[in-house]
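Take a look at the letters that make up each chain.
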Amino acid sequence: KKRLTKMISDHQEWIKLNEARIQIIGENENEIHTHDFALTEDGKKLKEVTKASTALYHNFTAQQEELVKSMQKKNLETLDSNALTAEIITSVSATVMMVIFYFIIQNIITSIGRLEETIEAVAKNKDFTRTTKIEGNNELSNMSRNLNELVSVLRQAFQGIRSASSENLSVS
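Below or above, wherever it landed, is the structure these notes cover. Just so we're clear, the structure is a prediction, and the values are computed from it rather than from any experiment.

### Here we look at the overall build of the chain
Within the chain one finds 4 helices and 0 strands. Written out in order from the N terminus, the α and β elements of the chain read α-α-α-α. Taking 2.2 N^0.38 as the reference for a compact globule, 172 residues should give roughly 16 Å; the C-alpha atoms of the chain span a radius of gyration of 48 Å, well beyond that estimate. Seen along its three principal axes, the alpha-carbon backbone of the chain occupies a region of about 155 × 25 × 20 Å. Pairs at least 24 apart in sequence give 54% of the contacts found in the chain among residues at least 6 apart. Total accessible area on the chain is roughly 13,600 Å²; 60% of this is exposed by carbon and sulfur atoms. Each charge class in the chain can be summarised by its mean position, and for the 21 positive and 23 negative side chains these summaries are 8 Å apart.

Encoded structure:
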């Protein structure tokens, strides 16, 4: 901010010096290119004002270049900082997504494992008392529920057969 204030002040001073130069040139338009004009008071004044104006102009352009370089440097630093922030956010997001996927996959694996245990107990051991624990409300819980219903229907059917067989045996 101080730099800009200084540059504005220098620019205004440069404009004032150039106004004086333009006035001297305008008043002495025909004589300005002669050798004798340089020896006059207006000639000496024009030389002084031109020298001061040139020095101010060079100083002003140097300040501009310095300001531009400073702004470029700050912009690059900001871009670097933003890139680092984006990389961190991306890494954290990816990690969170992997953790979420891990828990989802573990839930699926656990549900499938329970279904497999129940199916195996029914198939190998003819254990129709086994049921699968139902958690959640998804496709695997629907399969578990359907498997439990199937095992229940088969259990009731076998109990019906057993009781009918017992009745037949007692009748005979």
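### Things to note about the packing of aromatic side chains
The final tally for this structure, using the stated rule, is 3 aromatic pairs. Residues Trp-14 and Tyr-57 carry aromatic rings whose centres are separated by 5.9 Å and whose planes lie at 35° to one another, so their mutual orientation is tilted. Within this pair, whereas Trp-14 is found in helix 1 (residues 2-27), its partner Tyr-57 is found in helix 3 (residues 41-125), the two being separated by 43 residues in sequence. We classify Tyr-57 as partly exposed; its relative accessible area is 42%. A centroid spacing of 5.5 Å and a plane angle of 70° characterise the contact between Tyr-102 and Phe-103, whose relative ring orientation is edge-to-face. Judged by its relative accessible area of 47%, Tyr-102 falls in the partly exposed class. With a relative accessible area of 54%, Phe-103 lands in the exposed category.

### Side note on the packing of helix 1 against helix 3
Packing of helix 1 against helix 3 leaves a shortest axis separation of 9 Å and a crossing angle of 155°. Judged by the angle between their axes, helix 1 and helix 3 are roughly antiparallel. Considering the relative orientation of helix 1 and helix 3, their crossing is left-handed. Grouping the constituent residues of the contact of helix 1 with helix 3 by class yields 14 nonpolar, 8 polar and 8 charged.

### Details of helix 3
For helix 3, spanning 85 residues, the distance from its first C-alpha to its last is 123 Å, which sits close to the expected 126 Å at 1.5 Å a residue. Backbone geometry just after helix 3 places Lys-126 at a positive phi near 55°.

### Some words on the pattern of salt bridges
Taken as a whole, this structure holds 2 salt bridges when the rule is applied. Lys-6 is paired through a salt bridge with Asp-10; the nearest N and O atoms lie 3.0 Å apart. With Lys-6 and Asp-10 both in helix 1 and 4 residues apart, the pair spans about one turn of that helix. The class of Lys-6 is partly exposed, set by a relative accessible area of 42%. Residue classification places Asp-10 among the buried positions, given a relative accessible area of 3%.

### Topic: the nonpolar core
If you look at the biggest cluster of nonpolar residues, it comprises 6 residues: Leu-115, Val-122, Phe-128, Leu-140, Leu-147 and Val-151. Mapped onto this core, the elements with two or more residues apiece are helix 3 and helix 4 (139-171). Per-element tally for this core: the top contributor is helix 4, with 3 residues.

What counts, and at which threshold
Residues numbered from 1 in each chain as written. Predicted model: local features only at pLDDT ≥ 70, side-chain atom pairs only at ≥ 80, totals over all residues. Heavy atoms only, no water. Helix = DSSP H or I, 4+ residues; strand = E, 2+ residues; numbered from the N terminus. Rg over C-alpha atoms; globule rule 2.2 N^0.38 Å. Contact = heavy atoms within 4.5 Å. Areas by Shrake-Rupley, 256 points an atom, 1.4 Å probe, with all protein chains shown as cover. Lys, Arg positive; Asp, Glu negative; His and termini not counted. Charge placed at Lys NZ, Arg CZ, Asp CG, Glu CD. Phe/Tyr/Trp six-rings, centres within 6.5 Å; stacked < 30°, edge-to-face > 60°. Buried < 20%, exposed > 50% of the residue type's maximum accessible area, 1.4 Å probe, protein only. Axes fitted to C-alpha atoms, helices over the stretch in contact; angles between N-to-C directions. Parallel < 35°, antiparallel > 145°, perpendicular 65-115°, else oblique. Left-handed = near helix turned anticlockwise from the far one by under 90°. Nonpolar A, V, L, I, M, F, W, Y, C, P; charged D, E, K, R; others polar. Expected span 1.5 Å × (residues − 1). Salt bridge = Lys/Arg side-chain N within 4 Å of Asp/Glu carboxyl O. Core = buried A, V, L, I, M, F, W, Y, C linked by side-chain atoms within 4.5 Å.

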